[in-house]
Amino acid sequence: MKQRDALERRATPASPCAGDRHVPASPSPASAAADPDLAAALATVVGAGAPSVLVAVANGAYADLVTAWASSVAATRTPALLFALDEEAAAAATAAGVAAFRVDLPIPDAQQGGTGGSPPSNHAVSSLKYGLVGRVLALGYTCAVSDVDVLFLSNPFGEGGELGALQSDVAASSDGWDAASAYGWDDVHDEPGLGWARYAHSTRVMHLNSGLWAARPTAAAAAAVALVEARLAAEAGAWDQAVFNQVLLTPSHGGYASPSPSLRVLGVDAFVNSRVLWSRLGPAAVGAGSVPAAAAPDRPVAVHVNYHPEKLARLRAVASFYFDGNVRALEALPVWGGSESAGL
């Protein structure tokens, strides 16, 4: 009830993208004048290509992950920019071939989590990305967003890909592990005591993952991103992924007006989470080492190590399997296991 009341009190912030709510804006001199440093950085990264860019935000505590992420981004020639919260993160990105844009942003008080923000948690750092994405959208760029525990195996904006031909306001990867869990299923609640009315149907879907998603520069997308940012700054301890899903999926009701962005769930076998890779795709694809990595079916666009804490080891295994052709790389790690202390 408390959460619902908070939703109804939260007004949808005004969008910086003008015009029809679902028609994307484009880079312009006027928008660039409002944020000239970032506009210049984006223009350099994108060059003569389509106005689409991949971004991440990180600090030096995750420098090794930044290196792994940026190395894959550079290898796939994906236009990308790291929002670096300190010089260590910036140095890791640029050394791996990805441009860095330094930002000095305080962690919102609501995200401090009682630690005083030193060092900030990964969730606290993640809460900063929504304001930064809003700036990118306001400049007229389609913005893909990833955490740095993601490895890219091809350019997500490539020809024929979901993001290259994106028509929805927002597209997000899923925490689901198959078609039903990713895209939705009919979930039936059973109360035998109600007799004839015992069955109540609902539609369920696993969380959209806030660590791998994209938005077009539309008014609806910008409003959704701004609402997530506003709620994270105001609601103590709110988890950005939970808020992200509430904003995208909760319909207008009572005093709450949804920003109503059109939504696409990215292919669960293309934008792959680590549960899918280790428990289903990886072992099946290599056939106990009999199939070369390059020939593995349905090579993903990206792999997100979100289901496992030992992130760096698994990113390196994914890189070894897909980039180096080491067909045993995934088998070297258990399907499940690890500890949070091994996360870096």
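Throughout what follows, the structure given in this document is the object of discussion. (Residues numbered from 1 in each chain as written. Predicted model: local features only at pLDDT ≥ 70, side-chain atom pairs only at ≥ 80, totals over all residues. Heavy atoms only, no water.)

**Here we look at the overall build of the chain**
- The secondary structure content of the chain amounts to 12 helices and 12 strands.
- Out of the 344 residues in the chain, the part that is buried amounts to 49%.
- Of the contacts made within the chain by residues no fewer than 6 positions apart, 75% connect residues no fewer than 24 positions apart.
- Counting every atom, the chain has about 15000 Å² of accessible surface; 56% of that belongs to carbon and sulfur. (Helix = DSSP H or I, 4+ residues; strand = E, 2+ residues; numbered from the N terminus. Buried < 20%, exposed > 50% of the residue type's maximum accessible area, 1.4 Å probe, protein only. Contact = heavy atoms within 4.5 Å. Areas by Shrake-Rupley, 256 points an atom, 1.4 Å probe, with all protein chains shown as cover.)

**A look at the sheet that holds strand E12 (residues 302-304)**
- The strand order across the open sheet built from three strands is E5-E12-E11, with neighbouring strands paired in mixed fashion. The open sheet is flanked by strand E5 (150-152) and strand E11 (271-273), the only strands paired with a single partner. Mean inter-strand twist for the sheet, computed between neighbouring axes without regard to direction, equals 15 degrees.
- Across three bridges, E5 lies against E12 in antiparallel orientation. (Pairing = 2+ DSSP bridges. Axes fitted to C-alpha atoms, helices over the stretch in contact; angles between N-to-C directions.)

**A word on the sheet that holds strand E3 (residues 99-102)**
- Pairing in this open sheet of seven strands is mixed, and the strands run E3-E2-E1-E4-E9-E6-E10 from one edge to the other. Each of the sheet's edge strands pairs with one partner strand only, and the pair in question is E3 and strand E10 (263-265). Looking at each pair of strands side by side, their axes are set apart by 30 degrees on average, direction ignored.
- Summarising the sheet, strand E1 (residues 52-58) and strand E2 (residues 80-84) pair through five bridges and their orientation is parallel. In the sheet register, alanine 58 faces E2, and the bridge partner there is alanine 84.
- Across the face of the sheet, helix H3 (residues 36-46) comes into contact with E1, E2 and E3 while running at roughly 145 degrees to E2.

**Points about a nonpolar patch on the surface**
- On the surface, Val205, Leu249 and Leu263 cluster together to form a nonpolar patch covering roughly 210 Å² of accessible area.
- Tracing the backbone shows leucine 249 in helix H10 (residues 240-249). (Patch = residues over 30% accessible without salt bridge, like charges linked within 9 Å, V, L, I, M, F, W, Y side chains within 5 Å. Salt bridge = Lys/Arg side-chain N within 4 Å of Asp/Glu carboxyl O.)

**Things to note about the nonpolar core**
- Within the largest apolar cluster, 53 residues are counted, with the highest numbers of intra-cluster contacts made by Trp69, Leu82, Leu163, Leu277 and Val318.
- Excluding anything up to four places from it in sequence, leucine 163 contacts Ala144, Pro156, Phe157, Ala171, Ala214, Leu266 and Phe271. (Core = buried A, V, L, I, M, F, W, Y, C linked by side-chain atoms within 4.5 Å.)

**Some thoughts on the packing of aromatic side chains**
- Evaluation of the coordinates by the stated rule reveals six aromatic pairs.
- Measuring from ring centre to ring centre gives 6.0 Å for tyrosine 130 and tryptophan 213, while their planes differ by 20 degrees; the resulting arrangement is stacked. With a gap of 83 residues between them, tyrosine 130 in helix H7 (residues 129-138) and tryptophan 213 in strand E9 (residues 208-215) connect regions that are remote in the sequence. Tryptophan 213 carries the same exposure label as tyrosine 130, and that label is buried.
- Summarising the aromatic geometry, the rings of tyrosine 130 and phenylalanine 244 are spaced 6.3 Å apart at their centres and angled 40 degrees between planes, so their arrangement reads as tilted. Taken as a pair, tyrosine 130 in helix H7 and phenylalanine 244 in helix H10 lie far apart in primary sequence, 114 residues in all. In terms of burial, tyrosine 130 and phenylalanine 244 fall into one category: buried.
- Lying over the aromatic face of tryptophan 177, arginine 275 brings its terminal NZ or CZ to 3.8 Å of the ring centre.
- The ring of tryptophan 278 has arginine 314 lying over it, and the distance from NZ or CZ to the ring centre is 4.6 Å. (Phe/Tyr/Trp six-rings, centres within 6.5 Å; stacked < 30°, edge-to-face > 60°. Lys NZ or Arg CZ within 6 Å of the ring centre and 35° of its normal.)

**Section: H7**
- Counting buried positions over the 10 residues of H7 gives seven, a clear majority of the element.
- Within the sequence span of H7, burial applies to Lys129, Tyr130, Gly131, Leu132, Val133, Val136 and Leu137.

**A short note on the side chain of aspartate 175**
- If you trace the backbone, aspartate 175 turns up in the loop between strand E6 (170-174) and helix H8 (179-183).
- Side chain to side chain, aspartate 175 and asparagine 209 meet in a polar contact 2.7 Å long.
- Ignoring sequence-local partners within four residues, the contact set of aspartate 175 consists of Met206, His207, Asn209, Gln241, Asn273, Asn306 and Tyr307. (Polar contact = N/O pair within 3.5 Å; in protein donor to acceptor, adjacent residues only side chain to side chain.)

**A short note on the packing of H7 against helix H9 (residues 219-234)**
- Contact geometry for H7 and H9: axes closest at 9 Å, N-to-C directions at 155 degrees. Relative to H9, the element H7 is oriented roughly antiparallel. Between H7 and H9 the crossing geometry is left-handed. Together, Tyr130, Gly131, Val133, Gly134 and Leu137 of H7 and Ala221, Ala222, Val225, Val228, Glu229 and Leu232 of H9 make up the contact between the two elements.
- Of the residues contributing to the contact of H7 with H9, the split by class is eight nonpolar, two polar and one charged. (Parallel < 35°, antiparallel > 145°, perpendicular 65-115°, else oblique. Left-handed = near helix turned anticlockwise from the far one by under 90°. Nonpolar A, V, L, I, M, F, W, Y, C, P; charged D, E, K, R; others polar.)

**Let's talk about the pattern of salt bridges**
- All told, the structure shown has 11 salt bridges when counted by the stated rule.
- With its nearest N and O atoms 3.0 Å apart, the salt bridge here joins glutamate 87 to arginine 102. With glutamate 87 in helix H5 (residues 87-95) and arginine 102 in strand E3, this pair connects stretches of sequence that are 15 residues apart.
- Between aspartate 147 and lysine 129 there is a salt bridge; the shortest N-O distance is 3.1 Å.

**As for the pairing of E1**
- Burial of E1 is extensive: seven of the seven residues sit out of reach of the surface.
- Of the two faces of E1, the one lined by Ser52, Leu54, Ala56 and Ala58 and the one lined by Val53, Val55 and Val57 are each fully buried.
- Looking at chain direction, E1 and strand E4 (residues 142-146) are connected through four bridges and run parallel. Residue pairing across strands places valine 55 opposite valine 145, the latter belonging to E4.
- Between the parallel elements E1 and E2, the chain passes through helix H4 (residues 63-75) in a crossover that is right-handed. (Right-handed = clockwise from strand over helix to strand, strands pointing away.)

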